[in-house]
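# Chain and residue survey
In case you want the letters, here they are:
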Amino acid sequence: MSEVRTRFAPSPTGFLHVGSLRTALFAYAFAKSQGGKFILRVEDTDCQRCIPGAAEKIYEMLKIFGIDWDEGPLVGGSYAPYIQSERVRTGVYKKYAEQLLKGGHAYYCCCPPEELEQIEERHERKRIELRDPCRNVDIQEAQARIKKGEKLAIRLRVPENETVSYHDFVLKKEISWETNCIDEVMLLKTDGFPTYHLGVVVDDALMQISHVIRGRDWLPSTPVHLLLFKYLGFPLPQIGHLTDILDPGGGKLSKRKGAVSCEEFLADGYLPEAILNFIMLVGWAPKDNRELFTLEEFIINFQKGSLQIANPVFNRKKLDWFNGIYLRKKTDEELASLLKNYVPDGANVALVNQTVPLVKDRITKLSDYRLLAGFFFEEPKIDRALFSATAGVQLIKAAEVLGKIKKWEKVEIEEGLKKLIEKEKWETGDFFMNFRVAISGSKITPPITDSIVILGQKTTLSRLQQAAKMLE
RNA sequence: GCCGCCAUCGUCUAACGGUUUAGGACAAGUCCCUUUCAAGGACUAGAUUGCGGGUUCGAAUCCCACUGGCGGCACCA
C-alpha cells in the first residue's frame, strides 16, 4: 500500500475558522494515524482577496494547536508550506491548462471579465443555460486574438450526457452527477493564475495526495475535479467530505452569533487543548463515548472512531465544559502564568498567584478572571441596593472585631466573625452576604474569608468602613 | 430554479437487522456539600429513532416516496 498523504489547503483571506481548524485536525490525524504525511498548502490564487499576514497567522495557529506539517520547501532548516502563488511562476498550472486545451477538454473564453454586480445576472442565466457561448469559438481564432495581445481565460469543456462519480470515503457511498448539470467553470484566469479548481487538482496530483479531506461545502465542485483528474491523466485520490458545522441559530456557523475564529476563542481565554478536544468531537465520534482526548490520543483512536455524516450544531456550552476541565487540570503555577494577559494592568504578580487557587474552580475561561477577582486589585464600585437592611450595623461591628485581630489569619478571622454573629444573633448568610458585597461589590465571589486574608487587614477594614459610611 | 448531501433526547452522539424497557456526554431540574458562586457527589426528567409505505420471523439499522434541514451554482476559495 502506498503512503497516506493528506493536506490542508487554506486560503489566506482571514483568520483561521474553527471549522478550518477541524478540517486541518482531521486531515492531520488521518495521516498520522497511518504513519502518513501531512502537508500544508496555501491557496492564494486570488491576489485581491488575500490579506497580508493572514497566511503567517494560520501557520502560527496550527502550531499553537500542535498541528505541524511534514514537508515543503526548506527555509532556514524547517519546512515552509507550499504556496500556490509562488508555484504559478513555475508555469505548472498554465502547462496543464494548455494540455487540456490541446485535448479539447478546455476552451478559451472571450467574455469580458464581469464585475461583482454582474455575477448575480450570470447566476440568473445559469438557471437556464450552463454552457458558455465561447465554447464554440474556433481555437485558431482565439489564439490569433492572444497574439494580438488580448488576454483570454480558459474554461473547462464539460461533455454531454455522461455520468461522473466517485466513492466518498467519509460519506461511505457512491456519489454521481450527470455532466449536463455541471458548470463549465473557469480554470485559468486572464491574469494567468489558476482558479481553485485547477489549482487543487494539479497540486493534489503533483503532491501525491492520497486522501483529500475537505469540508462538505466543496462537494458540489467535486464533479469538476473528477473531470480534471480524468482529462489530465492523474490518478484519482480518495475523496472524503466532512460535515458542515452549523450555527445554533441555523445555517452554517457564522460570525453573527459569536466567535468563529480560533484567535477569538484563544483571546477569550479558551485553552488550545480544550478547543482542540471540543472540535475533535464535532464531526467525529469514538465507539465507546469517550470524550477526553489529547492530540496524541486522538490520533491513536482516530481510526477506531467514525467520521460523522450529519451536520452538527456548534455547542458552545460544551466548549465551556471542556475548557473548565482543562483549566482545572492546570497546576496553580501554570494557571497563574496563563492568566498574565487577563489580570488588570500592573497587577501585582504575587497577589495574582495567591488568588489562583480561589478562582480555579470558578472560571470557565481565562477572561472570567477579572470579573471574579477584580476586587483584589481595585476598589469595588458598590451598588447599595445589594445590601440588606441589616448591613449598616453589621459592617461597623465587623470592622471593630477585625480591627482587633492581631494575627491576620483565616482561623482568627473566622473565629472572631463567628463569635460576633452569635452574640448579635444575626443570620449567618445575611451577614456574610453584606460583608461580601462590602469587600467586593458583588454577590458572587471566591470564598470571602480566604479573600480577605489575601486582601490584608488594612484594605479589608477600609472597605468595610467605606461601605458603612455609604449606608449611613 | 437546478444539482447534491443529510435526518436517534433541546444539543453532540452510541447502538455486527435480533443481547434495546434505545446507552453516554453537554445543557436542564432535584438533592448532598456549603456564608455566595463554582467545583465535586448522588439522582430525575427528556427520543413511540422526522412522516408514510415497503423488505424481513424480526428494522433506529435495508429500500422507496414525502417532508424538513444544510450546502453549492463568480476570471472566490
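Owing to the predicted nature of the structure, the values given are computational and were not obtained by experimental measurement.

### So, the sheet that holds strand 7 (residues 153–156)
- As summarised here, the arrangement of the 3 strands in space is 6-7-10, forming an open sheet in which the pairing is antiparallel. Whereas interior strands pair on both sides, the edge strands pair on one side only; in this sheet they are strand 6 (106–109) and strand 10 (186–188). Averaged over all neighbouring strand pairs, the angle between strand axes comes to 45 degrees, with direction disregarded.
- Here 2 bridges tie strand 7 to strand 10, and the two strands are oriented antiparallel to one another. Within strand 10, the residue paired with Arg155 across the bridge is Met186.

### So, the protein's contact with RNA strand B
- Around RNA strand B sit 67 residues, and of these Lys189, Glu291, Asp361, Arg362 and Arg436 come closest.
- If you look at RNA strand B and keep only atoms within 4 Å of the protein, 69% of those are sugar or phosphate atoms.
- Take Pro447: an N or O atom from its main chain is 3.2 Å from a base oxygen of RNA strand B.
- Of all the elements in the fold, those that place two or more residues in the surface near RNA strand B are helix 5 (116–126), strand 7, strand 9 (173–178), helix 12 (316–329), helix 18 (428–440) and helix 19 (448–455).

### Some details on the confidence of the model for chain A
- Considering every residue of chain A, the mean pLDDT works out to 93; 96% of them sit at 70 or more.
- This complex was scored by the predictor with a pTM of 0.94 and an ipTM of 0.95.

### With respect to the environment of Phe234
- Along the polypeptide, Phe234 turns up in the loop between helix 8 (222–232) and strand 12 (238–242).
- Residues Phe234 and Gly149 lie 85 residues apart in sequence; the distance between their C-alpha atoms is 32 Å.
- Sequence-distant contacts of Phe234, that is, excluding residues within four places in its chain, are made with Tyr96, Val201, Val202, Ala205, Leu206 and Phe229.

Rules used in this analysis
Residues numbered from 1 in each chain as written. Chains lettered and ligands numbered in written order. Predicted model: local features only at pLDDT ≥ 70, side-chain atom pairs only at ≥ 80, totals over all residues. Heavy atoms only, no water. Pairing = 2+ DSSP bridges. Helix = DSSP H or I, 4+ residues; strand = E, 2+ residues; numbered from the N terminus. Axes fitted to C-alpha atoms, helices over the stretch in contact; angles between N-to-C directions. Near = heavy atom within 4 Å. Polar contact = N/O pair within 3.5 Å; in protein donor to acceptor, adjacent residues only side chain to side chain. pLDDT = per-residue confidence, 0-100. Contact = heavy atoms within 4.5 Å.

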